[in-house]
Amino acid sequence: MEEAIRIENLSYAYPDGQPALNDVNLTVYKGDSLAMIGPNGAGKSTLLLHLNGILSSNDYVRIFSEAITDKNLKEVRRRIGLVFQNPDDQLFSATVFDDVAFGPLNLGYSEAEVRQAVADALAKVGMSGFERRSSHHLSLGERKRITIATILSMSPEVMVLDEPTSNLDPRGKWQLIELLREMPVTKIIATHDLELVEALCDRVVILDKGRIVADGVVKEILHDLPLLEAHGLSGPPGIRSASESGSPSRG
Ligand SMILES: Nc1ncnc2c1ncn2[C@@H]1O[C@H](COP(=O)(O)OP(=O)(O)OP(=O)(O)O)[C@@H](O)[C@H]1O
Ligand SMILES: [Mg+2]
């Protein structure tokens, strides 16, 4: 299997000294649909920010076998589309059109190509017609959709999504899951949404206190309730612990 991303012995502390990642080793293969789960503060977002050079340290991170350098940063960010957990970190233009057009413009697409890329990306996230709106005057769920469009417009090879379904209404959530399922790209998704994991992912990594504590196939990990509970998690709605499943309100 061809490697998309390889991380070896990655540790990271924020400038204020807060440790966030501790000796992380992870290889993601082309075509993987990988979920990253774990409690609040586990380091999921911090890890994702290393995948396109937003955070970096001297440790070993390889994207399609190359280290991230000043020289290839733009190319890395085209190939690895990253959607932040908080849309306000991603949207900065006056209009939705400008936000979604930013990547394609930066890559030198022609005006007609930019328009087409923006129209296609907005249609995919169900936001056609919002081009002239201000991203800052949209609801949180609408902004989440726009942030996803900002990477779709560049046709990334790897989609790195941080909590993509948080704040989406149920219809929007399942539309997004369907959209992602149909896209033949490598996916890395940090999430607390185990329905999304079951529906979309084939592999799961559990992160806790900056360390990878489990890495395996979805079917096994999401059924391992003692493992999940040891790391502050619970099973997906269909699979809950014995104490919970005894409740008459369930089933
Ligand atoms: N900018 C920052 N400066 C200092 N510490 C930070 C910063 N961002 C995150 N941290 C700390 O780094 C650790 C990992 O945080 P991170 O945001 O990666 O967790 P997470 O797994 O994404 O959590 P969540 O599920 O809440 O999104 C936490 O201890 C957090 O307090
Ligand atoms: Mg996070």
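Computed from a predicted model, the values in this text were never measured in an experiment.

Section: the pairing of strand 9 (residues 203–208)
Counting buried positions over the six residues of strand 9 gives six, a clear majority of the element. In strand 9, alternate side chains face the same way, and those of Arg203, Val205 and Leu207 on one face and Val204, Ile206 and Asp208 on the other are all buried. Examined bridge by bridge, strand 3 (residues 33–37) and strand 9 share four bridges and lie parallel to one another. Bridged to Met36 within strand 9 is Val205. By the bridge criterion, six bridges tie strand 9 to strand 10 (residues 211–217) in an arrangement that is antiparallel. Each bridged residue has a counterpart across the sheet, and for Leu207 the counterpart in strand 10 is Ile212. The antiparallel pairing of strand 9 with strand 10 creates a hairpin that spans two residues between the two strands, and Lys209 there sits at a positive phi of about 50°.

Here's the deal with the site of ligand 1
Close to ligand 1 lie 14 residues, the nearest being Gly41, Lys44, Ser45, Thr46 and His192. In the model, an oxygen atom of ligand 1 is placed 2.8 Å from a nitrogen or oxygen of the Gly41 main chain. Within the side chain of Gln85, a nitrogen or oxygen atom sits 3.0 Å from an oxygen atom of ligand 1. Relative to its free-state accessible area of 640 Å², ligand 1 is covered by the protein chains to the extent of 68%. If one sorts the elements of the shell around ligand 1 by residue count, helix 1 (residues 44–49) sits on top with three residues. For the shell around ligand 1, a count of residues per class yields four nonpolar, eight polar and two charged.

Some thoughts on the nonpolar core
Ranked by size, the top nonpolar core spans 47 residues in total, and within it Ile37 and Val197 carry the most contacts. Looking at this core element by element, the count peaks at five residues for helix 5 (residues 140–152). Sequence-distant contacts of Val197, defined by excluding residues within four places in its chain, comprise Ala35, Ile37, Thr191, Val204, Val218 and Leu222. Ala4, Leu34, Leu47 and Leu51 belong to the second-largest nonpolar core, a separate cluster that totals 31 residues.

Quick look at the packing of helix 4 (residues 111–124) against helix 5
Packing of helix 4 against helix 5 brings their axes to within 8 Å, and their N-to-C directions diverge by 140°. In terms of orientation, helix 4 lies oblique with respect to helix 5. As for how helix 4 packs across helix 5, the hand of that crossing is right-handed. Of the residues in helix 5, those touching helix 4 at Ala121, Leu122 and Lys124 are Ile146, Ala149 and Leu152. Residues of the contact of helix 4 with helix 5, tallied by class, amount to five nonpolar, no polar and one charged.

Describing the coordination of the magnesium ion (ligand 2)
Between any two of four tetrahedral donors, the ideal angle at the metal is 109.5 degrees; between two of six octahedral donors, it is 90 or 180 degrees. The magnesium ion (ligand 2) binds to the protein through Ser45 (OG) and Gln85 (OE1), with metal-donor distances spanning 2.0 to 2.2 Å. You can see Ser45 sitting in helix 1 and its partner Gln85 sitting in the loop between strand 6 (80–83) and helix 3 (96–106), a full 40 residues away along the chain. According to the relative accessible area criterion, Ser45 is partly exposed, its value standing at 22%. On the basis of relative accessibility, which here comes to 40%, the residue Gln85 falls in the partly exposed class.

Re helix 4
With 14 residues, helix 4 ought to run about 20 Å at 1.5 Å a step, and its terminal C-alpha atoms sit 20 Å apart, in line with that. Of all the residues in helix 4, the buried ones are Val114, Ala117, Val118, Ala121 and Leu122. The buried residues of helix 4 occupy an angular sector of 125° when projected down its axis, which confines them to one face. In this structure, the buried side of helix 4 is in contact with helix 3 and helix 5.

So, the confidence of the model for the protein chain
Confidence in the prediction for the protein chain averages 92 pLDDT; 95% of positions are at 70 or higher. Below a pLDDT of 50 lies the segment residues 245–251, which in the model reaches three contacts outside its immediate sequence neighbourhood of four places, other chains included.

Some details on the pattern of salt bridges
Side-chain pairs of opposite charge can arise whenever the charged atoms involved come near each other. Applying the stated criterion to the full structure yields 14 salt bridges. Arg6 is paired through a salt bridge with Glu8; the nearest N and O atoms lie 3.0 Å apart. Its relative accessible area of 25% is what places Arg6 among the partly exposed residues. Exposure remark for Glu8: the relative accessible area of 27% places this residue in the partly exposed category.

About the criteria used
Once a new chain begins, its residue numbering starts again from 1 and follows that chain's sequence as written. The order in which chains are written sets their letters, starting at A; the order in which ligands are written sets their numbers, starting at 1. Predicted model: local features are reported for residues with pLDDT of at least 70 only, side-chain atom pairs are reported and counted for 80 or more only, and whole-chain, interface and lining totals are derived from all residues. Hydrogen atoms and water are omitted, and side-chain values are computed over all heavy atoms in the structure. With a 1.4 Å probe rolled over the protein chains alone, any residue whose accessible area is under 20% of its type maximum counts as buried; one over 50% counts as exposed, and the rest are partly exposed. Strands are runs of DSSP state E lasting at least two residues, helices are runs of H or I lasting at least four, and both sets are numbered from the N terminus onward. By the convention used here, strands pair only if DSSP detects at least 2 bridges between them. We define proximity as follows: a residue is near a molecule or strand when any one of its heavy atoms falls within 4 Å of that partner. Polar contact is defined as a pair of N or O atoms within 3.5 Å, subject to the rule that within protein one atom must be able to donate a hydrogen and the other to accept it, and that residues adjacent in sequence are counted only when both atoms are side-chain atoms. Only the protein chains shown count as cover for residues, and the accessible areas themselves come from Shrake-Rupley with a 1.4 Å probe. Side-chain classes are defined by residue name, with Ala, Val, Leu, Ile, Met, Phe, Trp, Tyr, Cys and Pro counting as nonpolar, Asp, Glu, Lys and Arg as charged, and the others, Gly among them, as polar. Joining through side-chain atoms within 4.5 Å is the link that ties buried Ala, Val, Leu, Ile, Met, Phe, Trp, Tyr and Cys residues into a set, and such a set is a nonpolar core. Here, residues are in contact when the closest pair of their heavy atoms is within 4.5 Å. For helices, the fitted line uses only the C-alpha atoms of the stretch in contact; every axis is such a line through C-alpha atoms, and the angle between N-to-C directions lies from 0 to 180 degrees. Orientation is classified from the angle alone, with under 35 degrees giving roughly parallel, over 145 giving roughly antiparallel, 65 to 115 giving roughly perpendicular, and any other angle giving oblique. Two helices cross in a left-handed way if the nearer one is turned anticlockwise from the farther one by less than a right angle. They cross in a right-handed way if the turn is clockwise. Each metal's donors comprise the N, O and S atoms found within 2.8 Å of it (within 3.2 Å for Na, K or Ca). Water is not part of the atom list, so some coordination spheres may appear incomplete. A helix is expected to reach a length of 1.5 Å times the quantity of its residues less one. By arc we mean the arc of the directions from the helix axis to the C-beta atoms, nothing more. The pLDDT value tells you how sure the predictor is about a given residue, anywhere from 0 up to 100. Salt bridge, as used here: a side-chain nitrogen of Lys or Arg that lies within 4 Å of a carboxyl oxygen of Asp or Glu.

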